[in-house]
Amino acid sequence: MADYDVVVIGAGSTGTAVARDCAMRGLRTLLLERDDIASATVGTCAGMISSGLKYMDEPEIVDMCSDEVVHFLRIARHIIMKNPILTPMLEMSDLSSGGNFAEEYSKRAESRDVPPVLFLTPEDSREIEPSLNPEIIASLYFEEYFIDPFRLCILQALDAKNHGADVKTYCELVDIDVKDGKIVGVVYFNRITREEKRVSTHIVINAAGPWASKVAKFAEAKVDLRLNKGAHVILDRRVVNVGVIAKAVDGRMIYLFPHENTTLLGTTAIDTWEDPDTLTASHDEIEYLLQSMEWVIPSIRDARIIRTMEGVRPLVADWKIPEGKVTRGYEIIDHSSQNIKGLISFTGGKLVMCRHMAEAATDLAAEMLRVETECKTHLEPLPGNEDDVDVLALAKEFDISQHAVERLRARRGTETRMILELTKDHPDWKTTICTCEPVIEAEIRYSIRHEFPQTLNDLRRRVRLGTGPCQATFCTYKAAAILADERELSGHDFQLDILDFLSERWKGKRPSFRREQIIQEEVAQGMYACVGNLDLTLGSVYTRKPWEDWS
Amino acid sequence: MEHEYDLAVIGGGIAGLVAGTIASESGLKTILIRKGRGATSYSSGAIDILGNLVESQFPLSPIDALSTTGVIRSTHPYVILGISENNREVHTELIVQRVKDSVKWLQRNLDGLCAEFTGALDQAMEAITVLGTTKPTCFVQKTMDMGNLVKDHDDSNLLFVDIVGHPDFNGRLAARTYAEFQRYADKPVKRVSSCSITITPFGKPYNISSVEVARHLDHSGLPKEALSELRKNIENTGATHVALPPVMGIESANTVLQEIAELGVHPFEVLSFPPSVPGMRLQQSLDAMYLESGGQMIVGHEVVGYDSADDRVSRIIAKSPHRKMKISATSTILATGKFIGGGIKGTESGFKESIFNLDTVDLNYNPTDDLRPQKLTDRVNVQYEGHAVFSVGVPVDRYFRPINYDSQVVYENVFAAGSVLAGYNYLVEKSGLGVGLTTGYTTGLNAMKYIKEEL
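Thresholds applied
- Per-chain numbering applies: the sequence of each chain, read as written, is numbered from 1 onward.
- A letter from A marks each chain and a number from 1 marks each ligand, given out in the order of writing.
- Given that the model is predicted, a residue must reach a pLDDT of at least 70 before its local features are reported, and side-chain atom pairs must reach 80 or more before they are shown or counted; all residues, however, enter totals for whole chains, interfaces and linings.
- Side-chain figures throughout are based on the complete set of non-hydrogen atoms in the structure, without hydrogens or water.
- For the purposes of this entry, the term helix denotes a DSSP run of H or I that reaches at least four residues, the term strand denotes a run of E that reaches at least two, and both are numbered from the N terminus.
- We compute the radius of gyration from the C-alpha atoms alone; for a globule the expected value is 2.2 Å times N to the 0.38, where N is the number of residues.
- Burial here depends on accessible area, computed with a 1.4 Å probe over protein chains only, as a share of the maximum for the residue type. Under 20% is buried, over 50% is exposed, and the range in between is partly exposed.
- Should any heavy atoms of two residues lie within 4.5 Å, those residues are considered in contact.
- Note on areas: these come from Shrake-Rupley sampling with a 1.4 Å probe, and a residue is covered only by the protein chains present in the view.
- Charge counting treats Lys and Arg as positive and Asp and Glu as negative, with His and both chain ends excluded.
- We put the charge of a Lys on NZ, of an Arg on CZ, of an Asp on CG and of a Glu on CD.
- What makes two strands pair is DSSP finding at least two bridges between them.
- We define buried area as the total accessible area lost by two parts upon association, computed with a 1.4 Å probe and summed across both.
- The salt bridge criterion pairs a side-chain nitrogen of Lys or Arg with a carboxyl oxygen of Asp or Glu, the two atoms within 4 Å.
- For the purposes of these results, a polar contact is taken to be a pair of N or O atoms within 3.5 Å, where, inside protein, one atom must be able to donate a hydrogen and its partner to accept one; residues adjacent in sequence count only when each atom of the pair is a side-chain atom.
- Grouping buried Ala, Val, Leu, Ile, Met, Phe, Trp, Tyr and Cys residues that are joined through side-chain atoms within 4.5 Å yields what is termed a nonpolar core.
- Lines are fitted to the C-alpha atoms to define the axes, a helix being fitted only along its stretch in contact, and any angle between axes, read from their N-to-C directions, falls within 0 to 180 degrees.
- Note on aromatic pairs: the rings of Phe, Tyr and Trp (six-membered ring only in Trp) are paired at centre separations within 6.5 Å, and the planes decide the class, stacked below 30 degrees, edge-to-face beyond 60, tilted for the rest.
- Residue ranges assigned to the domains are those given by an automatic or database domain assignment.
- Under this scheme an angle from 65 to 115 degrees is roughly perpendicular, one under 35 degrees roughly parallel, and one over 145 degrees roughly antiparallel; angles in between are oblique.

1. With respect to the overall build of chain B
- Across its full length, chain B carries eleven helices and 18 strands.
- Compactness check: chain B gives a C-alpha radius of gyration of 23 Å against a globular reference of 23 Å for 455 residues, within 12% of the reference.
- The buried share among the 455 residues of chain B stands at 61%.
- Residue pairs at least 24 apart in sequence account for 68% of intrachain contacts in chain B once pairs closer than 6 positions are excluded.
- Carbon together with sulfur atoms contributes 47% to the accessible area of chain B, which is approximately 17,300 Å² in total.
- Side-chain charges of chain B comprise 42 positive and 52 negative groups, with the mean position of each set lying 4 Å from the other.

Given below as structure tokens:
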């Protein structure tokens, strides 16, 4: 008997959803991720589980998106927030295109528990969002749901684990064994233990996103992708009351979405052939976004930019059309057509479709394995969504600020109480470690013990450590000490963890480095270089990250 | 309202306060205007002179580093100190002399105040930090004096102590880091251990801030329970030295440490990150020194404008939320700091000095007026050479008067001191307060000469 029925490659939104689905259907599943959960494409998205508004010419996709939103509200409402959105219009021609959208959106609104699209006067629009340009002639009002993309992936992975799957992060696929045109196993390299391991499997599901072609190549199969990069600019707080969608300098649509404690301005869309690990936002992308949004929010440049993020979309390989015209549907490739049996790959898709994609791929895998199964991923709650949480009562019971408890709830749902219970034996774990977010010590310890983070950056994905205005200036060394304490790391590793996180934050801070962030960085350099002396002590042992390499 | 002074100092960190004191103690009518508390209050408790010469492959004593700087660099503020009146050439011995003079002067002035400091220019000091790393510096506050820890490392036994629920210092990790460093540096391994004590300013053992602990100790002294926890741990470990979090009181740290010393150990505080209690001590001591000299100070005021005529600044306008003041002064010292202090601003279109809109330059005096800040950064966040952006500031002549891109003095009666100056990167060379002190001292003297028409 093979070690596994299915090996899933890539722990992004799709890969974790596939692993969950396979495990829930009783398939023996291994999820391999070369970095951390949600460390690539999905970790750079805005978290919108879109009702499909951008794809009005693909009605079947709009239907699917709308249904998936309903499913997410059922399984993961604790990590979902609803954002009202305004689309201000500056010209008469904008009005006509809005009509079609309003009709399509409103048809499906009721099932998602949102009102139909409203047309607002400039006065009403500005009452909702005073920073709008007074010269707008009208705006569209509608509502969309946003999910915490990191928590979604982590929860899907944890739920897969709960259902018996093996989840291995920092394990990179290095080969696929094929025998007589059939998948028989995979080889992976554990980047932490530096060991290679071979396991047998019947099926490999390739959910490697931008790396899907590379993964397929190990089996001498082929996946065509159109890679397209996109940048976000992140502002230090919720600078708008509601989301704002506007036409960019080139006629594309861009958005400004309040997101957690920040605001996201995005995105750009540029075809890319570069190594996804090395990408950072460019000055052109930042200016493109700022100038475009400036037309509807004239004060946008006064906002404090804390960082940028750059991600890569693994689009379906439709060429010779603009990025916006490429289908946002997904494709599932059964490589049997290329004479490789047991290999399934994805291209395309959107965050909102990840569960649907997983269902389709798992159906196919089950068919290949000749087992009868039923998908339940749209019915069973993800961990933490089992019940309501009374934030005010918990804040009072544990003597922790309501704000901190509410932020904890937004990540944890019913786990909130479990985490707070830890402070009964360790009252000092109520201490706030990341003050921007905020994050208390108990949650960091809980995450280290139960959510397999290896680095501070992994902790960021799990608890939003260091995502606020100070960009980890003040929490890095405190959290590093906790990680080192829990894992019994050496002082040397404690320092390397600090450098590692500073380096990852700097990746996003540097492209938009200006104004207040220069002050912030002077403080950070004052701490870690000038006083902490890490510039002198670790220079020789620090290995440059892909984006730091000059070559 | 119109006010008349001999000297106006803009900025209240170490550079401004030292310059103001020099002028005021020699009888000049001096006013110091500042926005907030002064970036000096964020400093670690050490006074760096020149901890690391980036061009040198091995550590040098501060004196040697200063001398070497004089030979290899031309735009460093220390080098400008060494320009001789007579032949306008740089003399390294002059640099060292001026640094010595200003250090000696400050040491005398802070004597008996809470930021009293110790150290020597001819010897680098490896001070232990909150991370457990060591950092090359020159002077530290008396409460941070490590005693004979380093000298007698054969039999010293160091106990790191932290406070439960105080996240700014983790004694266990600091101990681990320090012990490894000792082994790595091939020094005889000292015995190193750690423990926690309880100090709860508000009766709760969590979210304890450094400043709260310090104020609590000032107010009520070291709690008996904390002292007995300490005694127990010292007995258990046989500690000879105790490394404490840098929070042992703002006013009363010396007293608190004395009490701990009576347990038969040598206690000292480690270097602090901001928010920094030792930094507050230094700021408070410098404020006291300046006020003692007879200078006037207005806080919470920002300089928002100025009048100039005949290449001189004749008047500056300071504003608070409630009032506007016009201050006429014969000479003005610009000690507004770099980015933290607000002296230099960097936007996507380039860098400018904030008050007089002066030209700005980088380490080697190349113009930065239209450089996007990102261009002066490195891809690697923490590394040996640092980021060029933090050497951006105003270029000056040999009297520390700001000059423009044509090397012309902008205003003959304006002098610049401290980190608003270009030509050095204090973060990597570890020279922040040293440059602040010495350029403050020198511009104070230069402004005096100007006022007495001797310049």
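Next comes the rest of the account.
2. Here's the deal with the overall build of chain A
- Scanning chain A from terminus to terminus reveals 17 helices and 20 strands.
- Its C-alpha atoms give chain A a radius of gyration of 23 Å, within 12% of the compact-globule value 24 Å for 551 residues.
- With respect to the principal axes defined by its C-alpha atoms, chain A has extents near 70 × 55 × 55 Å.
- Across the 551 residues of chain A, 63% fall into the buried class.
- Contacts spanning at least 24 positions in sequence make up 70% of the contacts within chain A whose residues lie at least 6 apart.
- Each charge class in chain A can be summarised by its mean position, and for the 66 positive and 88 negative side chains these summaries are 2 Å apart.

3. Quick word on the pairing of strand β15 (residues 324-334) of chain B
Residue and element names in this part refer to chain B.
- In terms of burial, β15 is largely enclosed, as eight of its eleven residues are buried.
- Looking at chain direction, strand β1 (residues 2-10) and β15 are connected through eight bridges and run parallel. Residue pairing for β15: His3 is matched across the bridge by Ile327.
- Judged from the five bridges that link them, strand β14 (residues 312-319) and β15 form a sheet pairing that is antiparallel. Note that in β15 the partner of Ile316 across the bridge is Ile327.
- The hairpin turn running from β14 into β15, its antiparallel successor, is four residues long.

4. Structural notes on the environment of Arg215 of chain B
Residue and element names in this part refer to chain B.
- Turning to its location among the elements, Arg215 is positioned in helix α6 (residues 210-220).
- A sequence separation of 14 residues divides Arg215 from Pro201, and the C-alpha atoms of the two residues are 8.5 Å apart.
- Residue contacts for Arg215: discarding those within four places in its chain leaves Ile250 and Met280.

5. Brief notes about the side chain of Asp458 of chain A
- Tracing the backbone shows Asp458 of chain A in helix α13 (residues 456-463).
- Assessed through its relative accessible area of 1%, Asp458 of chain A is described here as buried.

6. Some points on the interface of chain A and chain B
- Each partner contributes to the interface: chain A provides 56 residues, whereas chain B provides 52 residues.
- Across the chain A/chain B interface, buried area totals approximately 5,100 Å², and carbon plus sulfur atoms make up 61% of it.
- For the pair chain A and chain B, the number of links is seven salt bridges.
- With a closest N to O distance of 3.5 Å, Glu348 of chain B and Arg514 of chain A form a salt bridge.
- Here chain A is connected to chain B by 33 residue pairs in polar contact (both at pLDDT 80 or more).
- Where the side of chain A that touches chain B is concerned, the elements lending two or more residues are β19 (432-434), α14 (476-487), α15 (491-509), α16 (516-531) and α17 (534-537) of chain A.
- No other element matches the twelve residues that α16 of chain A contributes to the side of chain A that touches chain B.

7. Things to note about the nonpolar core
- Residues Leu106, Ile327 and Phe356 of chain B are the most contacted members of the largest nonpolar core, which totals 90 residues.
- Of all the elements, helix α11 (residues 432-451) of chain B adds the most residues to this core, at eight residues.
- If near-sequence neighbours (up to four positions away) are discounted, Phe356 of chain B is found in contact with Ile10, Tyr306, Val313, Ile316, Thr332, Leu334, Tyr411 and Val414 of chain B.
- Judged by nonpolar contacts, the second largest core, of 76 residues, contains Leu31, Ala102, Leu158 and Leu382 of chain A.

8. Looking at the sheet that holds strand β3 (residues 46-47) of chain B
Residue and element names in this part refer to chain B.
- Strand order in the open sheet formed by three strands is β3-β7-β4, with antiparallel pairing between adjacent strands. Whereas interior strands pair on both sides, the edge strands pair on one side only; in this sheet they are β3 and β4 (117-119).
- As judged from the three bridges shared by β4 and strand β7 (residues 139-141), these two strands associate in the antiparallel manner. When the bridges of β7 are listed, Thr118 appears paired with Val140.
- Contacting β3, β4 and β7, helix α4 (residues 92-110) crosses the sheet at an angle of about 140 degrees to β4.

9. Here we look at the packing of aromatic side chains
Residue and element names in this part refer to chain A.
- Under the definition given, this model contains 18 aromatic pairs over all chains.
- Where Phe101 meets Phe142, the ring centres are 5.0 Å apart and the plane angle is 70 degrees; that geometry is what we call edge-to-face. With Phe101 in helix α3 (residues 92-107) and Phe142 in strand β6 (residues 138-147), the pair connects residues that are 41 residues apart, well separated along the chain.
- Given the relative accessible area of 1%, Phe142 is considered buried.
- A ring pair is formed by Tyr255 and Phe257, whose centres lie 4.2 Å apart and whose planes are at 10 degrees; its orientation type is stacked.

10. Looking at helix α10 (residues 402-412) of chain A
Residue and element names in this part refer to chain A.
- The buried fraction of α10 is high, at eight of eleven residues.
- Of all the positions in α10, only Ala404, Val405, Arg407, Leu408, Arg409, Ala410, Arg411 and Arg412 are classed as buried.
- Directly after α10, the chain includes Gly413, whose backbone phi takes a positive value near 55 degrees.

11. Observations regarding the domain arrangement of chain B
Residues and elements named next belong to chain B.
- Domain assignment breaks chain B into domain 1 (2-112 + 281-451) and domain 2 (130-270).
- Placing the centre of domain 1 and that of domain 2 at their C-alpha centroids yields a distance of 34 Å.
- The interface is formed by 13 residues belonging to domain 1 together with 15 residues belonging to domain 2.
- Buried area between domain 1 and domain 2, summed over both chains or domains, comes out near 1,200 Å², and the portion from carbon and sulfur atoms is 49%.

12. Concerning the domain arrangement of chain A
Residue and element names in this part refer to chain A.
- Here the domain parsing of chain A yields domain 1 (4-41 + 150-224 + 328-369), domain 2 (82-143 + 226-317) and domain 3 (431-548).
- Taken over C-alpha atoms, the centre of domain 2 sits 30 Å from the centre of domain 3.
- Opposite the 20 residues of domain 2 that make contact, domain 3 presents 21 residues.
- When domain 2 packs against domain 3, close to 1,700 Å² is buried across both sides, 47% of that on carbon and sulfur atoms.
- Of all residues in domain 2, Arg304, Ile306 and Arg307 bury the most surface against domain 3, accounting for 36% of the area lost on that side.
- Where domain 2 touches domain 3, the interface holds two salt bridges.

13. Topic: the sheet that holds strand β10 (residues 241-244) of chain B
Residue and element names in this part refer to chain B.
- Read across the open sheet, the four strands follow the order β9-β8-β10-β11; overall the sheet is parallel. Each end of this open sheet is capped by a strand with a single partner; those strands are β9 (191-197) and β11 (266-269). Averaged over neighbouring strand pairs, the angle between their axes works out to 25 degrees when direction is ignored.
- As paired elements, strand β8 (residues 157-163) and β9 share seven bridges and run parallel to each other. Along β9, the bridge assignment pairs Phe160 with Ser194.
- Helix-sheet contacts for helix α8 (residues 253-261) involve β10 and β11, and the interaxial angle to β11 is about 145 degrees.

14. Thoughts on the pattern of salt bridges
All names here are of chain A.
- Taken as a whole, this structure holds 63 salt bridges over all chains when the rule is applied.
- Of the charged contacts, one joins Arg445 and Glu486 as a salt bridge, the two residues approaching to 3.0 Å between their closest N and O atoms. Separated by 41 residues along the polypeptide, Arg445 in helix α12 (residues 441-450) and Glu486 in helix α14 bring together distant segments of the chain.
- Here Arg445 falls in the buried class, since its relative accessible area comes to 8%.
- What makes Glu486 partly exposed here is its relative accessible area of 22%.
- Sharing partners across several salt bridges, the network here consists of Arg151, Glu260, Arg407, Arg411, Arg412, Glu415, Glu437, Glu443, Glu451 and Arg464.

15. So, the packing of α10 of chain A against helix α11 (residues 415-425) of chain A
Residues and elements named next belong to chain A.
- As a packed pair, α10 and α11 sit with axes 8 Å apart at the nearest point and diverge in direction by 125 degrees. Comparing the axis directions of α10 and α11 gives the class oblique. Residues Val405, Leu408, Arg409 and Arg412 of α10 form the contact with α11, whose own contacting residues are Glu415, Thr416, Ile419 and Leu420.

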